[in-house]
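One letter stands for each residue in the lines below.
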Amino acid sequence: MTAIALRMRRSFDLKNRRNRQRLIANTIGLFILVFMIFPVYWMVATAFKPPRDILRFDPKWIPSPFTLDNFDDAVHRPYFWDNVKNSVIIVGVVVVLSLVVGFLAALAIARFSFYGRRAFIVVIIGVQMIPATALIIPLYILLARANQVDRLTGVIITYLTFVLPFTVWTLRGFIMGIPRDLEEAAMVDGCTRFGAFMRILLPLIAPGLVATSVFAFVLAWNEFIFAYVLLSSQEHQTLTVWLASFTTSRGTAYGPLMAAATLTSLPVVIFFALVQRKVAFGLTAGAVRG
Amino acid sequence: MSVAPRAATSAADLGLSDRRRSRGLRAGIRDNVTPYLLLLPTIAVLVGVLAWPLYWLGRISFEHFGLEELIAHKGTWTGLDNYREILGNREFWHIVLRTVVFTVVNVGLTMLFSTLIALLLVRMGRFMRVALLVGLVWVWATPVVVAITIWQWMVDFQFGVFNWAITKLHIANLVHYNWFDNSLTGFAVITAVVVWGAIPFAAITIYAGLSQVPQELVEAAEVDGARPWQVFRRVTFPLVKPIFVIITSLSIIWDFQVFNQVWIMLENRPSPDYYLLSVFAFVSSFRVSQYGLGAAISVVMVLLMLSVSFVYVRQMIQISEVDQ
Amino acid sequence: MNLRYVVAAALAVAVAAGAPTAGARTDGADAAKATTLTVWLMTDAQGPDWAAVVSAANRAFEAAHPDANVKVEIQTWGDHLTKLDAALAGGRAPDVIELGNTETTKYMAAGALANITSSKARFPNNKTWLKALTGSCTYQARLFCVPYYAGARAVIYRKDHYGAVGMRKAPTTLDQFVSYGKKVMARHKGDSNYSALYFPGKYWYAGMAFVYDYGGAIARFKKGKWVGTLNSPQAIAGLTKLKATVRALSRANRSGTEANQWTVFSQGHVGADIANGWEWGLISDPKIGDPALAPVLGAFPMPSHKKGKFMPTFLGGSDLAIPASSSNRALAVDWIRAYTATPMMRQLTSAAGVIPNTTSLVGINASKPTLAPFARAATSSWFVPTAPNWVNVENAQVLQNMLAEIFTGRRTIKSAADRASAQITQILNSR
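Residues numbered from 1 in each chain as written. Chains lettered and ligands numbered in written order. Predicted model: local features only at pLDDT ≥ 70, side-chain atom pairs only at ≥ 80, totals over all residues. Heavy atoms only, no water.

Draft legend 1. Main features of the interface of chain B and chain C. On the chain C side, the residues contacting the 26 residues of chain B number 32 residues. With both sides pooled, the region where chain B packs onto chain C buries about 2500 Å², and carbon together with sulfur makes up 48% of that total. Close ionic contact of Arg-269 of chain B with Glu-394 of chain C constitutes a salt bridge, the shortest N to O distance being 3.5 Å. For the pair chain B and chain C, the number of links is nine residue pairs in polar contact (both at pLDDT 80 or more). (Contact = heavy atoms within 4.5 Å. Buried area = accessible area lost by both parts, 1.4 Å probe. Salt bridge = Lys/Arg side-chain N within 4 Å of Asp/Glu carboxyl O. Polar contact = N/O pair within 3.5 Å; in protein donor to acceptor, adjacent residues only side chain to side chain.)

Pasting the structure below:
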């Protein structure tokens with residue numbers, strides 16, 4: 001066989017192999033999905049079970065009888081909607097600011113070389129090694145002095161501090177995966193440096209932006225101890241702190257808790273479902289050679 | 001902290017600086033200032049929020065700082081006493097060893113499963129891929145307290161679904177089995193929870209990195225006769241190495257500091273053989289109310305992590321310079 | 001790109017976020033009031049019946065003090081001390097705080113609570129306060145908090161299971177109870193999950209009751225030092241009796257805790273358990289438990305090994321304290337007076353099924369069959385050693401581990417007790 005014919009044959013085999021691979025991957029993927037999602041399924045199922053069926057010697061796999069009482073109970077608990085509003089505000093600001101500020105800093109350390117770059121990288125890594133619980137008291141003292149206790153802004157700035165090093169570090173990795181040639185090609189065509197960053201680089205690292213924004217979202221949405229310590233009034237607290245109020249000295253109301261948890265986990269899932277198409281944004285064909 | 005870029009890696013830098021020079025001195029100054037401007041907001045936040053707390057933490061680690069001192073806002077200087085107490089305590093070194101082993105196991109399992117899942121995601125059909133991605137994110141989005149409660153139920157002595165299933169499948173008799181009786185099996189459950197919770201982020205991020213690998217390169221290699229493993233090693237991995245390194249380094253840092261899973265799983269009262277370093281630090285500060293001791297433990301934790309990762313971090317910085 | 005707009009939007013949101021919370025500090029109507037009294041109560045106070053008592057107290061207080069308003073903030077049991085520590089460090093402690101009665105000693109010893117000895121006479125029912133709760137509020141002969149409410153444990157049992165073996169009324173001695181229990185176990189041989197007396201291994205509140213019944217104690221203060229006394233002959237006698245009882249009558253997890261025990265009860269595999277009064281309602285609750293059990297439930301105080309006496313029961317509960325840093329001490333005292341006033345206490349007791357802070361109101365519970373046995377049990381009680389470091393013993397799980405070792409047979413009683421006593425001595429005496 002000629003080389004060309006061999007290649008064509010291999011190409012054809014490749015397509016068959018691709019389809020087979022896809023089938024196998026889909027099957028294995030289904031198994032993985034079932035295993036990973038089982039605890040989440042249990043949470044959602046529990047939310048629909050009457051309290052009597054929640055803990056049983058012989059487990060009930062499917063909620064029957066099916067009830068919406070737990071959701072009703074959860075939503076009517078005091079301060080639910082206030083806490084939803086607070087969580088949404090905090091998350092919105094933290095996600096946007098961390099992406100913007102983090103991207104700029106990641107640009108600096110990934111694309112420029114300057115005095116102090118290595119020190120900054122060490123700081124970024126080092127800061128993440130500080131155990132968060134050690135910072136509870138000193139952070140409270142600092143924010144109290146700045147009159148930021150019981151304020152959403154105090155919590156926002158705290159979460160930004162936790163999220164930024166991570167965002168900078170991760171976006172740097174994604175930026176490093178994009179060759180400089182693309183930006184340089186754009187600049188040769190008359191684009192400013194900054195323009196090249198915004199128009200060429202930013203879209204190409206969309207997957208990294210999605211990953212870091214979901215991370216920031218989840219952290220800001222689900223974080224407990226700092227929200228609990230820094231926010232005192234009930235009307236200023238977040239949903240996660242509200243979840244903790246389901247536990248009294250007489251035990252926990254598991255049905256309503258699981259209903260509440262199901263509700264609080266949905267926004268993240270919806271957010272991701274909206275942006276997930278951006279996760280896999282590969283380089284378009286021809287961009288490298290063009 | 002050297003200033004000049006290394007000769008071997010500065011080809012691109014040199015090329016760029018030529019262009020810079022050709023655009024004039026003004027542009028040169030602007031570029032010299034630009035990185036600092038880009039960094040300014042981040043540095044402002046980090047320094048503004050963390051500088052004083054870190055100083056406070058460092059200071060009280062050298063003091064006797066109990067509840068009375070907390071209320072009076074003033075501690076008594078005792079020099080290296082707290083550090084001597086920690087480092088001279090055999091229990092402490094057991095805890096360090098336990099934390100290290102825990103970290104290695106968790107990071108290993110997380111990276112292994114996440115990479116496999118990411119590779120699977122690339123090859124899946126669209127519908128299954130979205131389903132798995134959304135499923136993973138839902139796992140990620142579940143509040144930690146709730147997730148741990150569910151896992152507690154799954155392995156409960158009386159009501160555990162997992163125990164029930166294993167017994168029914170005749171793999172082992174786990175009726176009335178208390179997983180937390182023995183810290184080894186207890187940590188097996190805790191590891192399962194940690195890895196389960198860590199996989200979504202790692203898998204999705206590695207998948208995002210994999211998706212940036214140009215398909216033409218992969219196809220070209222396959223058409224040239226390379227087996228899948230070779231394609232991975234020669235084509236795919238080098239391109240996603242930065243992401244890989246980042247996820248691994250983050251996993252190490254996070255798993256070393258695991259707190260919630262141990263704390264909540266054991267009903268806020270873990271027995272000493274379940275202590276990890278972060279749990280030990282918390283108990284010293286807030287339970288025993290020896291905040292100075294707790295601060296010293298935290299400082300030792302950071303120093304341990306920094307020194308262990310020193311070589312690794314240097315390598316990571318060098319990798320980035322080679323790639324540039 | 002639209003980056004500028006995004007940044008602008010984020011900043012706008014941030015400003016908007018700061019604004020309402022800034023405004024909330026000086027709320028319209030309250031801006032005219034001079035002081036806000038901050039009160040920290042636990043999540044228990046959120047229940048509708050309980051919250052009604054709090055509102056009534058607030059109304060009474062605000063009527064008497066027109067220039068003050070009360071802000072109640074609900075705290076969670078798991079982390080409220082962490083938050084308190086941060087608030088103390090930051091100088092923002094509340095004016096009134098609810099503390100568990102085992103949590104107070106540490107804060108009293110550190111000077112975190114205000115000395116209210118001079119106001120004692122002004123608190124309602126102060127002459128008839130429950131002794132055990134008052135003990136948890138006293139340090140070096142001074143009063144630092146006010147008793148709030150208590151809870152006691154008694155035996156909840158199934159009249160059908162125990163009635164079938166001939167037990168018609170409460171047993172008068174421990175041995176009598178155990179012998180009935182053994183008969184019940186024999187009758188339910190076929191059920192591998194059944195316990196005549198459900199007793200999880202780490203249930204130290206119930207386990208230590210045996211120690212105190214035989215005259216032992218967890219620790220005693222001798223010659224200026226705390227000494228762990230679980231290895232004294234009396235304590236060992238108590239532990240021996242405990243081990244025999246649990247071995248004969250219980251199939252519960254030997255190293256588990258008593259959380260969820262009412263769920264196990266409601267599923268029909270339990271003849272009796274040692275429980276708080278409010279668990280009775282949960283067992284037969286139509287939503288959580290099994291309402292079919294309601295007619296067959298009964299309760300009696302756990303009998304002592306000595307005829308005619310009750311085994312001492314652990315008296316749990318809460319106190320109300322005023323942090324020393326509060327600048328509204330007089331108002332705080334008045335609020336506590338309003339909240340613990342007799343009519344409030346009466347309402348709280350009926351609504352929440354707790355034991356009131358005063359023996360003068362014990363009668364309320366005496367008239368209710370589901371609460372009377374617990375009120376009776378509370379007349380014979382024990383409490384943990386009032387050492388500032390006691391909470392460290394709880395955190396190190398010394399008692400729980402000792403009991404688990406004994407029940408699983410990992411150690412002999414003597415060896416487990418020796419080890420626990422040594423640990424307790426060391427922990428209670430450390431600086």
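Having seen the structure, we can now continue with the description.
Draft legend 2. Spatial organisation of the sheet that holds strand S6 (residues 145–151) of chain C. Residue and element names in this part refer to chain C. As summarised here, the arrangement of the six strands in space is S2-S1-S3-S13-S6-S14, forming an open sheet in which the pairing is mixed. Only two strands of the sheet have a single partner each, and these edge strands are strand S2 (68–75) and strand S14 (355–356). Two strands pair when backbone bridges link them, and S6 and strand S13 (residues 316–321) are joined in this way by six bridges, in the antiparallel orientation. Of the residues in S13, the one forming a bridge with Cys-145 is Ala-321. (Pairing = 2+ DSSP bridges. Helix = DSSP H or I, 4+ residues; strand = E, 2+ residues; numbered from the N terminus.)

Draft legend 3. Inspection of the environment of Pro-385 of chain C at higher detail. All names here are of chain C. Here Pro-385 lies in the loop between strand S15 (381–382) and helix H16 (390–395). Sequence-wise, Pro-385 and Thr-105 are 280 residues apart; in three dimensions their C-alpha atoms are separated by 9.6 Å. Contacts of Pro-385, omitting those with residues within four sequence positions, involve Ile-218, Ala-219, Trp-226 and Trp-390.

Draft legend 4. Structural view of the interface of chain A and chain B. Counting residues at the interface gives 112 residues for chain A, matched by 103 residues for chain B. When the two sides are added together, the surface that chain A and chain B hide from each other amounts to roughly 10300 Å², 76% of it contributed by carbon and sulfur. Considering only the side of chain A, the residues that lose the most area to chain B are Met-36, Arg-118 and Met-129 of chain A, jointly responsible for 8% of the buried surface there. The tally of links from chain A across to chain B stands at zero salt bridges. For the interface between chain A and chain B, the tally reads eight residue pairs in polar contact (both at pLDDT 80 or more). Tallying contributions element by element places helix H1 (residues 3–47) of chain A first for the side of chain A that touches chain B, with 23 residues. Of the residues belonging to the side of chain A that touches chain B, the class tally is 78 nonpolar, 17 polar and 17 charged. (Nonpolar A, V, L, I, M, F, W, Y, C, P; charged D, E, K, R; others polar.)

Draft legend 5. Representation of the domain arrangement of chain C. Residues and elements named next belong to chain C. Once the domains are mapped, chain C shows domain 1 (33–150 + 316–377) and domain 2 (153–314 + 396–429). Measuring from the centre of the C-alpha atoms in domain 1 to the corresponding centre in domain 2 gives 30 Å. Together domain 1 and domain 2 conceal approximately 910 Å² of surface at their shared face, both sides included; 74% is due to carbon and sulfur atoms. Of all residues in domain 1, the largest losses of buried area upon contact with domain 2 belong to Phe-374, Arg-376 and Ala-377, amounting jointly to 53% of the total for that side. In this assembly, domain 1 and domain 2 are joined by zero salt bridges. For the interface between domain 1 and domain 2, the tally reads one residue pair in polar contact (both at pLDDT 80 or more). Ranked by residue count, the leading element in the side of domain 1 that touches domain 2 is helix H15 (residues 372–377), at four residues. Across the side of domain 1 that touches domain 2, the residue classes break down as four nonpolar, three polar and one charged. (Domains from an automatic or database assignment.)

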